[in-house]
Amino acid sequence: MSEGKDVLILAIESSCDETAAAVVKNGREVLSNVISSQIALHTLYGGVVPEIASRKHIEKINYVIREALSQAGVGLDDLDAIGVTYGPGLVGALLVGVAEAKAISYAAGLPLVGVHHIEGHISANYIEHKELEPPFLCLVVSGGHTHLVIVKGYGKYEILGRTRDDAAGEAFDKVARAIGLGYPGGPKIDRLAKEGNPDAIHFPRAKVGDSGYDFSFSGVKSAVLNHLNACRMKGEPIAEADIAASFQKAVCDVLVEHTLYAAKEYKIDKIAMAGGVASNSALRAAMKDACDKRKIPLYCPSPILCTDNAAMIGAAAYYEFMAGNRAGLDLNAVPNLPLGER
Ligand code: KG4
Ligand code: ZN
């Protein structure tokens with residue numbers, strides 16, 4: 001690769017219930033971003049069914065990749081590398097993307113770059129905020145993860161806090177199911193909460209041991225379930241919108257408080273958010289408000305880049321590629337891949 005030449009990466013993401021492929025130029029310019037969502041299928045079962053997810057990925061992946069290349073107007077010959085999510089995630093789902101990426105890499109003679117899914121979520125911020133560079137603090141809130149991370153450099157992470165039990169998105173999904181909203185719960189609670197009073201019911205804001213940065217969401221989830229049971233037993237009406245708004249506020253309060261506390265303690269002057277829950281309108285508003293008060297710039301990807309997509313994997317793969325990191329054809333799926341290890 002000669003200096004100054006554009007770097008085009010085909011990125012593949014299949015860690016959960018979205019089959020996705022994208023072509024990304026120089027880590028920050030998205031030439032195509034194709035997502036085939038399985039949400040409607042899993043809704044029938046109230047959550048993601050791993051075996052169905054794997055089977056759908058294998059059915060869709062070639063079409064999704066072909067579409068991503070066609071929308072970008074490029075062929076395999078134009079590419080510099082293939083980037084693929086190899087963990088964390090559902091093993092069977094990950095294997096589909098990893099096997100596909102290896103096959104293309106081998107057939108087209110292209111370098112292969114393995115990407116950590118959370119690194120992908122964080123890197124989604126680079127796409128629309130061209131000026132954003134590390135170091136910054138990032139709150140990663142998705143269906144499977146809740147991490148407070150210092151992004152020290154490209155590909156260099158220090159995890160300050162994480163959830164001790166449920167991930168933030170998981171809590172949204174479980175509470176939504178309990179109040180009868182269905183899967184996926186996050187967007188549904190977000191919508192319903194707009195009609196409710198966030199101060200109607202006080203749900204607990206968990207403090208976790210002596211760590212100022214760890215999270216716990218099982219307490220607030222249980223409090224919602226207890227509240228629902230109490231209403232049912234007393235024959236009182238269930239105010240779904242108030243419950244959604246009050247639950248959402250309890251979760252957002254903790255997320256914002258921990259993030260701002262960490263920024264202050266570590267003297268970090270830029271905050272970013274990432275992951276599906278980062279598209280939550282109340283969280284975005286509360287974090288913006290808190291950051292404005294402290295005059296700290298806040299970066300959030302557009303909602304479509306918050307939830308799972310391959311453009312974010314292409315952004316992360318670019319920085320791995322530029323750092324000289326390559327995967328071999330023995331690359332495997334790693335369901336519990338820790339952030340910051342390779
Ligand atoms: O990042 P993501 O697409 O997948 C994982 O890597 O887990 O996140 C999916 C999660 C789900 O739990 C979903 O309910 C939640 O993000 N989510 C939301 C919103 N949109 C998606 N949670 C709250 N408010 C939203 N608007
Ligand atoms: Zn994700």
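Here the structure is shown first, and the text comes after it.
Throughout, residues of each chain are indexed from 1 in the direction in which the sequence is written. Chain labels run from A onward and ligand labels from 1 onward, assigned in the order the entries are written. Local features in this predicted model are restricted to residues whose pLDDT is 70 or higher, and side-chain atom pairs enter the listing and the counts only when it is 80 or higher, whereas totals over whole chains, interfaces and linings include all residues. Heavy atoms throughout the structure, all of them, feed into the side-chain values; hydrogens and water do not.

Draft legend 1. Structural detail: the layout of surface pockets. For each structure, a 1 Å grid was placed over the protein atoms alone; sets of points admitting a 1.4 Å probe that cannot get out are labelled cavities, open sets with protein on both sides within 12 Å along at least five of seven lines are labelled pockets, and lining residues have an atom within 4 Å of a point. Grid points are joined across faces, edges and corners, and a volume is the space filled by probe spheres set on the points. Estimates place the volume of the largest pocket at around 990 Å³. Forming the walls of the largest pocket are 38 residues, and the residues nearest its centre are Cys16, Ser142, Gly143, Asp173 and Tyr183. Each helix corresponds to a stretch of at least 4 residues labelled H or I by DSSP, and each strand to a stretch of at least 2 residues labelled E; elements are numbered beginning at the N terminus. Contributing elements (two or more residues each) for the lining of the largest pocket: strand S3 (29-37), helix H4 (117-128), helix H5 (168-178) and helix H6 (185-193). What the second largest pocket holds in volume is close to 190 Å³.

Draft legend 2. Examining the site of ligand 1 more closely. The immediate surroundings of ligand 1 are formed by 19 residues, with Gly143, Asp173, Gly186, Asp190 and Asn280 found nearest. One of the side-chain N or O atoms of aspartate 173 is found 2.7 Å from an oxygen atom in ligand 1. Contacts to ligand 1 include glycine 186, whose backbone N or O atom sits 3.0 Å from an oxygen atom. Considering ligand 1 on its own, with 560 Å² of exposed area, one finds that the protein chains cover 89% of that surface. Here the criterion for a molecule occupying a pocket or cavity is that more than half of its atoms lie within 2 Å of the pocket grid points. Structurally, ligand 1 is housed in the largest pocket. Elements with a minimum of two residues in the shell around ligand 1: H4, H5 and H6. For this purpose, a residue is taken to be near a molecule or strand whenever a single non-hydrogen atom of the residue falls within 4 Å of it. Any pair of nitrogen or oxygen atoms within 3.5 Å is treated as a polar contact; in protein, a donor-acceptor pairing is required on top of that, and neighbouring residues in sequence qualify only through side-chain atoms on both sides. Using a 1.4 Å probe, accessible areas were evaluated by the Shrake-Rupley method; residue-level cover was limited to the displayed protein chains.

Draft legend 3. Looking closely at the coordination of the zinc ion (ligand 2). Note on donors: an N, O or S atom is included if it sits within 2.8 Å of the metal, or within 3.2 Å for Na, K and Ca, and water is never included, so sites can look incomplete. Here the zinc ion (ligand 2) is held by His117 (NE2), His121 (NE2) and Asp308 (OD), and the distances to it run 2.0 to 2.1 Å. Geometry assignment treats four donors as tetrahedral when all angles are between 85 and 135 degrees, treats four as square planar and six as octahedral when opposite donors are over 155 degrees apart and all others between 65 and 115, and treats everything else as irregular. One way to put it: the 4 donor atoms around the zinc ion (ligand 2) meet at angles of 96 to 131°, and that makes the site tetrahedral. All donors to the zinc ion (ligand 2) come from one chain, and their sequence spacing reads H-x3-H-x186-D. Linking histidine 117 in helix H4 with aspartate 308 in the loop between helix H10 (303-306) and helix H11 (311-322), this pair joins segments that are 191 residues apart in sequence. Burial here depends on accessible area, computed with a 1.4 Å probe over protein chains only, as a share of the maximum for the residue type. Under 20% is buried, over 50% is exposed, and the range in between is partly exposed. Take histidine 117: its relative accessible area is 4%, and that puts it in the buried class.

Take it as geometry only, folks, not as evidence of what the structure does.
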